[in-house]
Amino acid sequence: MSEQSTELRETVRRRYAAAAVKVTEGGTACCGPQPVEVDENFGSTLYAVAERDALPADAVAASLGCGNPTAVADLHEGERVLDLGSGGGIDVLLSARRVGPTGRAYGLDMTDEMLQLALANAAKAGATNVEFLKGTIEAIPLPAGTIDVVISNCVINLSTDKAAVFAETFRVLTPNGRIGVSDVVADDALSPAQRAERGDYVGCIAGALSFTEYREGLEAAGFVNVEITPTHPVADGMHSAIIRATKPRTEPQASRTTGSADACCGVNACCTPAETSADPDVTVTVTVTEAKTASGCGCQS
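Summary of the structure given here. Counting restarts for each chain: residues are numbered from 1 in the order of the written sequence. Reporting in this predicted model follows two pLDDT cut-offs: at least 70 for local features of residues, and 80 or more for side-chain atom pairs to be given and counted; totals over whole chains, interfaces and linings ignore these cut-offs and use all residues. For the side-chain quantities, the full set of heavy atoms in the structure was used; hydrogens and water were omitted.

### With respect to the overall build of the protein chain
- Each helix is a run of H or I in the DSSP string that is no shorter than four residues. Each strand is a run of E no shorter than two, and both are numbered from the N terminus. Broken down by element type, the protein chain carries nine helices and ten strands.
- Taken across its 301 residues, the protein chain has 55% of its residues classed as buried.
- Long-range pairs, those at least 24 residues apart, make up 68% of the contacts in the protein chain with a sequence separation of at least 6.
- With an accessible surface of roughly 13200 Å², the protein chain has 52% of that area assigned to carbon and sulfur atoms. Buried residues are those whose accessible area, probed at 1.4 Å on protein chains only, stays under 20% of the maximum for their type, while exposed residues exceed 50% and partly exposed ones sit between those limits. Residue contacts follow a heavy-atom distance rule, with two residues in contact if any of their heavy atoms lie within 4.5 Å. Here, Shrake-Rupley sampling with a 1.4 Å probe gives the accessible areas, and only protein chains in the shown set may cover a residue.

Below, the structure written as structure tokens:
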């Protein structure tokens, strides 16, 4: 990763860490947590009142997204859902309710403060079919082919390596798995410089792809049936949009991802600290619940 990309990621991390702290500290006030300051194009107001009322106040207050991906992901009982950049957990908790006790909802976030907030919100909600993972969306710590649906709410545009995000999303999905993402997308006529003029990177606008770039990026990763539907403007020539796409039932050979050389079954998250990889040339230290059974990668005690 370049120095500039590292700096941008750290800027994003600090902003979301501060948002989590603000919500947590607000929870000690007499009137409860105050929503993180965003305009009408972002945040909890994009969810139905009934959805907001059914969740812990801290989860709602920490919402920073540009849409409601759970409303368009068409989730079903028993499915496994992954939320990229899960923040305070609002979309994970809503997904968990939709997939029911036989399903599972995962949240992935790189910010310790947000993960702590999300875990607290899951406990308050009494959600037992959720799991939060620490990591980046460019290197998802889950085995290949284990997720039915990937959602995300205004997070992919924050990545400085969107090709890696699309490739990783494709990898973790099962054949015929799908994505239902809310994100900021730019008109094709806007250059990267013009997008930057409309808002900073952390504000979700400067890093946005154009409609054509988004479609081509997903197709290059192997996705089919790509649909990008704008929902409301967030700046001149910039839109909140719903993005849908599907992983084919039969994966083209060229699109298959083998993972890094130091990964267990292509995933840097197979064995627990008490275990070692069955492959003596592989060293894995990251823990992910159910990873070894889901991937069949051969961890041994």
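That covers the picture; the talk isn't over yet.
### Details of empty space enclosed by the protein
- Cavities and pockets were defined on a 1 Å grid built over protein atoms only: a cavity is a set of grid points that admits a 1.4 Å probe from which the probe cannot escape, a pocket is an open set flanked by protein on both sides within 12 Å along at least five of seven lines, and lining residues are those with an atom within 4 Å of any such point. Grid points are joined across faces, edges and corners, and a volume is the space filled by probe spheres set on the points. A full pass over the atoms with the stated rule returns two cavities of 30 Å³ or more.
- Of the voids in this model, the second largest cavity is the one considered here, and its volume is about 60 Å³.
- A per-element tally of the lining of the second largest cavity places helix 6 (residues 162-172) first, with three residues.
- Nonpolar residues are Ala, Val, Leu, Ile, Met, Phe, Trp, Tyr, Cys and Pro. Charged residues are Asp, Glu, Lys and Arg, and all others, Gly as well, are polar. Its residues assigned to classes, the lining of the second largest cavity comprises ten nonpolar, one polar and no charged.

### Some thoughts on the pairing of strand 1 (residues 80-84)
- In terms of burial, strand 1 is a largely internal element, four of the five residues being buried.
- Alignment of strand 1 against strand 2 (residues 104-109), held across five bridges, turns out to be parallel. Bridge pairing in strand 2 places Val81 opposite Ala105.
- With helix 4 (residues 90-99) bridging strand 1 and its parallel neighbour strand 2, the resulting β-α-β unit is right-handed.
- If DSSP finds at least two bridges between two strands, the strands pair. Direction of pairing for strand 1 relative to strand 4 (residues 147-153): parallel, over a ladder of four bridges. Considered in strand 4, the bridge of Leu84 is made with Ser152. We call a crossover right-handed when, viewed with the strands running away from us, the connection from the first strand over the helix to the second turns clockwise.

### Examining helix 4
- For helix 4, the buried fraction is high: eight of the ten residues fall into the buried class.
- Listed in full, the buried residues belonging to helix 4 are Ile90, Asp91, Val92, Leu93, Leu94, Ser95, Ala96 and Val99.

### Points about the nonpolar core
- Core analysis: the largest hydrophobic core is formed by 31 residues, its most contacted members being Leu82, Ile179, Tyr214, Leu218, Phe223 and Ile243.
- Elements with a minimum of two residues in this core: strand 1, strand 2, strand 4, helix 6, strand 5 (173-186), helix 8 (211-221), strand 7 (224-235) and strand 8 (238-246).
- Apart from residues no more than four positions distant in its own chain, Phe223 is found in contact with Phe166, Thr169, Phe170, Leu173, Ile179, Leu218, Ala245, Thr246 and Lys247.
- The criterion is simple. A nonpolar core is a set of buried Ala, Val, Leu, Ile, Met, Phe, Trp, Tyr and Cys residues joined through side-chain atoms within 4.5 Å. Of all hydrophobic cores here, the second largest spans nine residues; its members include Leu93, Ala96, Ala105 and Val130.

### Topic: the packing of aromatic side chains
- Two rings from Phe, Tyr or Trp (for Trp, the six-membered ring) form a pair when their centres are within 6.5 Å of each other. A pair whose planes differ by under 30 degrees is stacked, one over 60 is edge-to-face, and the rest are tilted. Counted according to the given criterion, the structure contains two aromatic pairs.
- Between Phe166 and Tyr214, the ring centres sit 5.4 Å apart and the planes meet at 45°, which makes this aromatic pair tilted. Taken together, the residues Phe166 in helix 6 and Tyr214 in helix 8 connect sequence positions 48 residues apart. Comparing Phe166 with Tyr214 shows no difference in burial state: the two are buried.
- Its end group placed over the ring of Tyr106, Arg104 keeps NZ or CZ at 5.9 Å from the ring centre. Put simply, a charge is over a ring when the Lys NZ or the Arg CZ is close to the ring centre, within 6 Å, and near the line of the ring normal, within 35 degrees.

### Quick word on helix 8
- Regarding helix 8, the residues found buried are Phe211, Tyr214, Gly217, Leu218 and Ala221. Within helix 8, the buried residues cover an arc of 135° as seen down the axis, which keeps them to one side.
- Those residues of helix 8 that are buried lie in contact with helix 6, strand 5, strand 6 (209-210), strand 7 and strand 8.
- Two residues or fewer after helix 8 comes Gly222, characterised by a positive phi angle close to 115°. Note: the arc covers the axis-to-C-beta directions of the helix.

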